[in-house]
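Listed below, chain by chain, are the residues.
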Amino acid sequence: MTSAEGAGRSSGRRILIVGTGGQGVLTAARLLCDVFVDRGHHVVSGQLHGMAQRGGSVQSSVIVDGGISPRIGRGRADFVVGFEPVETVRALSFLSEQTVVYLNVAPVIPFVLGQQYVLKEGDGRYPDVEKLLSCVRESTPHVHTLDATEQAKASGSTKALNMVMLGCLLGSELLPVSAEQFWSFGEARLPPALRKVNHAAFYRGVEHSRSFHAGVVAS
Amino acid sequence: MAGKHEILQDRPGGHLCTLGNLAIVRGALEAGVQFFSCYPGTPSSEVGDTFARIAEDADIWFEYSINEKVAIEVAFGASLTGVRSMCSMKHLGLSYASDPASTMPYVGVEGGMVIVSAGDPSLITSPNEQDQRHFSRFLYYPVFDPATPEDARLMTRYAFELSEKTRLPVLMRPTTRVCHSGGMVELGALPAKRNEVRFVKDPTRYVPIPTNAKRMRMELSDRFRRAEEMLASSPFFPRTGGGRRGIIASGIGYAYVSQVIEDLGLSEQMTLQQVGAYPIPESVLLSFLDEVDRVLVVEELTPLVEECVSLAAFRNQRSVEVFGKHSGHFPIENEYSPDLVEDAVRRFAGLGARSVPSVDVPALPARPPVLCPGCPHRTSFQRVREVFGKKTVYCNDIGCYTLGYGEPFQACDVLLCMGSSISQASGIARTTGQRTVAYIGDSTFFHSGLPALANAVQAHDDITVVILDNYITAMTGFQPSVTTDRCHPVASVRKEDEVHRENGSPFSIEDAVRGLGITDVFSIDPFEEGTAREALKAAKTGRGVNVVVCHSPCVVNDRRSRKEQRPVFAIDQDACNACSLCVRQLGCPAIFVVDGEYVIDQDLCDGCELCADLCTRDAIRPVAAEVAK
Ligand SMILES: Cc1ncc(C[n+]2csc(CCOP(=O)(O)OP(=O)(O)O)c2C)c(N)n1
Ligand code: SF4
Ligand code: SF4
């Protein structure tokens, strides 16, 4: 599972980014779109998120050099960038055996589970993370997991989670933009105060990705 | 051009990846729009919010109107002076504004006028779905139905020309998926400014009293026919591919189906016809029907295209088989998805169903929206609930406070549409004599609550109206409301109404309410427990219509201008006896129960103190704010 991953698909590259409100999914999607456009690619993107920004599920698609549809069909995502385990499993129908997945294993506990009084059904627990990961692995062999929240924290702020995840995606070298090209484009567009943190976070993601794709087992 | 919004780039021929809503703005700018009004509403809000940001640079008259009816009327007035005008709203807004909208085509515009009314199939952020394409038949509006941002730009630009040539106001109707999807648009030229305008008096032309309206009625049919002719030669009905099997598609369905037939390798074997506008010119339908014998219609909501195709075939003796909603290939409810479209195309093309591997998935917890930590509405609900109790009937309205529905406040027994809390309370209180509270926000109150309140006064109803003034239109993305002080940060106006006015806001809810003859008017800050409770008790025992105005800023908006970080709170595990009061009564998403222990997530806590006030054991106390929060 090296350079053959994700190759040989129909037109374009279909990337799905999923997470919860406040994790920086939309910013990540926007940056990706902009860098592809900057490098002369054709891009469409779509958003799926409900009523309020506050803590809900967020799905964002970025389709590079594909057609005009902003949404990805069942089993047709080339890449899934999962910021959160439950949200990644929610997006399972987009996966096929060829989909490459980068998955942050750190859960965001939905507040309904923290306050059981509103729970009318279910067992009131966040599903077992290992069980969630094995669901994803059952769909595709190309699953790369890491604790990206921890990596972001180690870079200086949990807010840099999206940069770790983008680092994973772009470090794969499976997209028509390299990690270096992305960073030199992206850095000017990020808040200057967080530049160092974001840089560290992004390259932590890149390194992880490179070690995954080199077949080295990441701890 | 430093500092200017990217949508203002003067770079003809260049490309930009932008949202459908922004592409509409760009199309309007390329058409030389000079006047814009709107009332926010998802999924249309980015149209108005973008105009708000560029109005000064682009030299455009701009307003967030008090409601959609006013927005349309103001823009129509501007159009009568000869300027090109636009206004935007969500589908519900156009329903609200349908009175002026229904007569505008009769009177006719002078400067081109385009109404953007965004639809919401699948009720993603709305209580109903509507198919506004029917405005073409219902009220003689040419209606555009874009599939992509580039469609949205080109159609909007063209719509102004169509409007001016036919004197018809034109409807631009994108749906959520088009509004909020990003795509490539080509940048067209931005025109130079137009000259000064004047309103030229001509009452027989502008006054639809019956004698004039009867004449206008006959002219309207001519003008609508002319619009159909123009559309017939417009670029919004492209046809691609070839073969006796045809697909005719509109809106986002067109985008999905073009991807699906590419993925299935059918692009070359099918004739694909887009419908970009209504009325669909019959010439378009006939030339399409010439090429095909079997047709699949792909359109969300009502079978409008489907019926037009069937009717055109029937009237012109073309024998084609038409598939779509009537044949069960598609539902009439909800938006489509690429998968739904793929299944229908496979069935239509005689391909087998696609097998999808199924994986056993554990039950996944939902993430429903909740009031933010520190939200003033939570505090108001808590105070009111304490005084008015469980038996009171709570009529709620449209805003963040709708989230008072369900546990723990049960602050929403009925809900209908903007402004309806007060009128529904009247109906319930008058017939039953039950204690009734109407909750309504600042923006919604001035949108349509004011007439309902006047009505309640006139009818001598016994109701309590609680106006939740958070100085902003929060739910739709923090647009200013009439109580927002635009010159001063909202943070400085936390206290009484007096302070608020000194800071320069022209509006006082209290003055407006007293002006209706209501004498029992109480101004409170919900966070001041004692005074809030006294006022609410007085309101509960009062007769007639009384009003409690709760002033406290939306914390999300307030945080942007807050100078000092408020201390956040933590629960002392030794003092906490797990009575669960804070969780059961507040529903603050910062408080969690982890393995029986009550804890506050300090990244989420906003430091409102409400839980600390409530705790009988004094277990909840402030901690120094984290440095790198
Ligand atoms: C007729 C109509 N127009 C617009 C909307 C969209 N909308 C939903 S909530 C809201 C306004 C809420 O403002 P406010 O009453 O001040 O409450 P807040 O969200 O600030 O608490 C609007 C405009 C709608 N639902 N119906
Ligand atoms: S956005 Fe503002 S008004 Fe809405 S729930 Fe959050 S704090 Fe409350
Ligand atoms: S102080 Fe208490 S109620 Fe207020 S935001 Fe923090 S945890 Fe929530």
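Residues numbered from 1 in each chain as written. Chains lettered and ligands numbered in written order. Predicted model: local features only at pLDDT ≥ 70, side-chain atom pairs only at ≥ 80, totals over all residues. Heavy atoms only, no water.

**Student:** Help me understand the overall build of chain B, please; the structure alone is not making it clear to me.
**Tutor:** What chain B contains, in helices and strands, is 23 helices and 23 strands. Here the C-alpha atoms of chain B give a radius of gyration of 28 Å, agreeing with the 25 Å that 2.2 N^0.38 yields for 629 residues. Taking the principal axes of the C-alpha coordinates as reference, chain B spans close to 80 × 70 × 60 Å. Counting only residues that meet the buried cut, chain B has 58% of its 629 residues in that class. By sequence separation, contacts in chain B at least 24 residues apart represent 77% of the contacts at least 6 residues apart. When the accessible surface of chain B is summed, it comes to about 25100 Å², and 53% of that surface belongs to carbon and sulfur atoms. (Helix = DSSP H or I, 4+ residues; strand = E, 2+ residues; numbered from the N terminus. Rg over C-alpha atoms; globule rule 2.2 N^0.38 Å. Buried < 20%, exposed > 50% of the residue type's maximum accessible area, 1.4 Å probe, protein only. Contact = heavy atoms within 4.5 Å. Areas by Shrake-Rupley, 256 points an atom, 1.4 Å probe, with all protein chains shown as cover.)

**Student:** Sorry, what's going on with the pairing of strand 11 (residues 271–275) of chain B here?
**Tutor:** Along any regular strand the residues' side chains alternate between the sheet's two faces. All names here are of chain B. Within strand 11, 5 of the 5 residues are buried, which leaves the element mostly enclosed by the surrounding structure. Every second residue of strand 11 is oriented toward a common face, with T271, Q273 and V275 on one face and L272 and Q274 on the other, all of them buried. In the sheet, strand 10 (residues 245–250) pairs with strand 11 via 5 bridges, with the strands oriented parallel. In the sheet register, S250 faces strand 11, and the bridge partner there is V275. The parallel pair strand 10 and strand 11 is bridged by helix 11 (residues 251–263), and the resulting crossover is right-handed. (Pairing = 2+ DSSP bridges. Right-handed = clockwise from strand over helix to strand, strands pointing away.)

**Student:** Which parts of the structure should I look at to understand the sheet that holds strand 9 (residues 239–241) of chain B?
**Tutor:** Two modes of strand pairing occur in sheets, parallel and antiparallel, and in both the strands are linked by backbone hydrogen bonds. All names here are of chain B. Taking strand neighbours across the sheet as the criterion, the 5 strands line up as 9-11-10-13-14 in an open arrangement whose pairing is mixed. The outermost strands of the open sheet, each flanked by one partner alone, are strand 9 and strand 14 (321–323). Between one strand axis and the next, the sheet turns by 20° as a mean value, whatever way the strands run. Both strand 13 (residues 294–298) and strand 14 contribute to a ladder of 3 bridges, which runs parallel. By the bridge assignment for strand 14, R294 is matched with E321. (Axes fitted to C-alpha atoms, helices over the stretch in contact; angles between N-to-C directions.)

**Student:** Looking at this model, I keep getting lost on the site of ligand 3. Mind explaining?
**Tutor:** By nearness alone, 13 residues border ligand 3, and C588, C605, D606, C608 and C611 of chain B come closest of all. Class assignment for the residues of the shell around ligand 3 results in 9 nonpolar, 2 polar and 2 charged. (Near = heavy atom within 4 Å. Nonpolar A, V, L, I, M, F, W, Y, C, P; charged D, E, K, R; others polar.)

**Student:** Hey, could you run me through the confidence of the model for chain A in this one?
**Tutor:** Caution applies to low-pLDDT parts of the model: their predicted coordinates are not meant to be read in detail. Residues and elements named next belong to chain A. Across chain A, pLDDT averages 88, with 85% of residues at or above 70. For residues 1–9, every residue scores under 50 in pLDDT, and the model assigns this stretch 20 contacts once sequence neighbours within four places are set aside. Here residues 118–122 is modelled with pLDDT under 50, and outside its nearest four sequence neighbours on either side it reaches 6 contacts, counting other chains as well. (pLDDT = per-residue confidence, 0-100.)

**Student:** Can you walk me through the packing of aromatic side chains in this structure?
**Tutor:** The description of an aromatic ring pair rests on the distance of the ring centres and on the angle between the ring planes. All names here are of chain B. Considering all chains together, one arrives at 21 aromatic pairs over all chains under this definition. Residues F199 and Y206 carry aromatic rings whose centres are separated by 5.4 Å and whose planes lie at 40° to one another, so their mutual orientation is tilted. Given the relative accessible area of 42%, F199 is considered partly exposed. Exposure remark for Y206: the relative accessible area of 14% places this residue in the buried category. Centroid distance Y394 to Y439: 6.0 Å. Interplanar angle 15°. Geometry classified as stacked. (Phe/Tyr/Trp six-rings, centres within 6.5 Å; stacked < 30°, edge-to-face > 60°.)

**Student:** Is there a simple way to explain the pattern of salt bridges in this structure?
**Tutor:** Pairing is possible between side chains that carry opposite charge, provided their charged atoms lie close to one another. Residues and elements named next belong to chain B. What the rule picks out here adds up to 44 salt bridges over all chains. Its salt-bridge partner being D511, residue R514 comes within 4.0 Å of it at the nearest N-O pair. You can see R514 and its partner D511 sitting in helix 19 (residues 509–515), 3 residues apart, about one turn around the helix. The class for R514 is partly exposed, based on a relative accessible area of 42%. (Salt bridge = Lys/Arg side-chain N within 4 Å of Asp/Glu carboxyl O.)

**Student:** Help me out: how do you make sense of the packing of helix 7 (residues 179–186) of chain A against helix 8 (residues 195–213) of chain A in this one?
**Tutor:** Helix packing geometry: the angle between the two helix axes and the distance between the axes. Residue and element names in this part refer to chain A. Where helix 7 meets helix 8, the axes come as close as 11 Å, and the angle between the chain directions of the two elements is 165°. Considering the angle they form, helix 7 stands roughly antiparallel to helix 8. Relative to helix 8, helix 7 is oriented so that their crossing is right-handed. Listed contacts from helix 8 to A179, E180, F182 and W183 of helix 7 are R195, N198, H199, F202, Y203, V206 and R210. A breakdown of the residues in the contact of helix 7 with helix 8 according to their chemical character gives 6 nonpolar, 2 polar and 3 charged. (Parallel < 35°, antiparallel > 145°, perpendicular 65-115°, else oblique. Left-handed = near helix turned anticlockwise from the far one by under 90°.)

**Student:** What is the right way to read the sheet that holds strand 17 (residues 463–469) of chain B from this model?
**Tutor:** Residues and elements named next belong to chain B. The parallel open sheet is built from 5 strands, whose spatial order is 15-16-17-19-18. Each having just a single partner strand, strand 15 (393–395) and strand 18 (521–524) make up the two edges of the open sheet. The sheet shows a mean angle of 20° between the axes of neighbouring strands, direction not considered. Two elements, strand 15 and strand 16 (residues 436–441), share 3 bridges in a ladder whose sense is parallel. Among the inter-strand pairings, V393 is bridged to a residue of strand 16, identified as T436. The strands that helix 15 (residues 376–388) touches are strand 15, strand 16, strand 17 and strand 19 (545–551); relative to strand 17, the one it contacts most, it runs at about 160°. Sheet strands touched by helix 20 (residues 529–541): strand 17, strand 18 and strand 19. Its angle to strand 18, the strand with the most contacts, is close to 160°.

**Student:** What is the right way to look at the interface of chain B and chain A in this model?
**Tutor:** How big an interface is tends to be stated in terms of the accessible area lost upon association of its parts. Contact residues are listed per partner, giving 58 residues for chain B and 59 residues for chain A. For the pair chain B and chain A, the summed buried surface comes to about 4800 Å²; carbon and sulfur atoms form 57% of the total. Inspection of the chain B/chain A interface yields 8 salt bridges. Among the ionic pairs, D263 of chain B bridges to R76 of chain A, the shortest N-O distance being 3.5 Å. Counting across the chain B and chain A interface gives 15 residue pairs in polar contact (both at pLDDT 80 or more). Listing elements by their share of the side of chain B that touches chain A, those giving two or more residues are strand 1 (15–19), strand 8 (182–186), helix 11, helix 14 (338–349) and strand 21 (591–594) of chain B. Tallied by class, residues from the side of chain B that touches chain A come to 34 nonpolar, 10 polar and 14 charged. (Buried area = accessible area lost by both parts, 1.4 Å probe. Polar contact = N/O pair within 3.5 Å; in protein donor to acceptor, adjacent residues only side chain to side chain.)

**Student:** Looking at this structure, how should I read the site of ligand 2?
**Tutor:** C372, C375, C400, N470 and C554 of chain B are the nearest of the 12 residues found near ligand 2. With respect to ligand 2, its neighbouring residues span chains A and B. For the shell around ligand 2, the residue count by class is 9 nonpolar, 2 polar and 1 charged.

**Student:** Is there a simple way to think about helix 20 of chain B in this case?
**Tutor:** Because an α-helix completes one turn every 3.6 residues, residues spaced three or four positions apart along the sequence face the same direction. All names here are of chain B. Between the first and last C-alpha of helix 20 there are 19 Å, a value that for 13 residues agrees with the 18 Å anticipated at 1.5 Å per step. Along helix 20, the residues classified as buried are A532, A535, L536 and A539. Viewed along the axis of helix 20, the buried residues span an arc of 95°, placing them on a single side of the element. The exposed residues of helix 20 that point more than 90 degrees off its buried face are E534 and T541. As for helix 20, its buried residues are in contact with helix 15, strand 17, strand 18 and strand 19. (Expected span 1.5 Å × (residues − 1). Arc of directions from axis to C-beta.)

**Student:** I would appreciate a short explanation of the environment of L22 of chain B in the present structure.
**Tutor:** Residues and elements named next belong to chain B. By secondary structure assignment, the location of L22 is in helix 1 (residues 20–30). Placed 157 residues apart in sequence, L22 and C179 show a C-alpha to C-alpha distance of 8.1 Å. Those residues within four positions of L22 in sequence are excluded, and the remaining contacts are H5, I7, E46 and T50.

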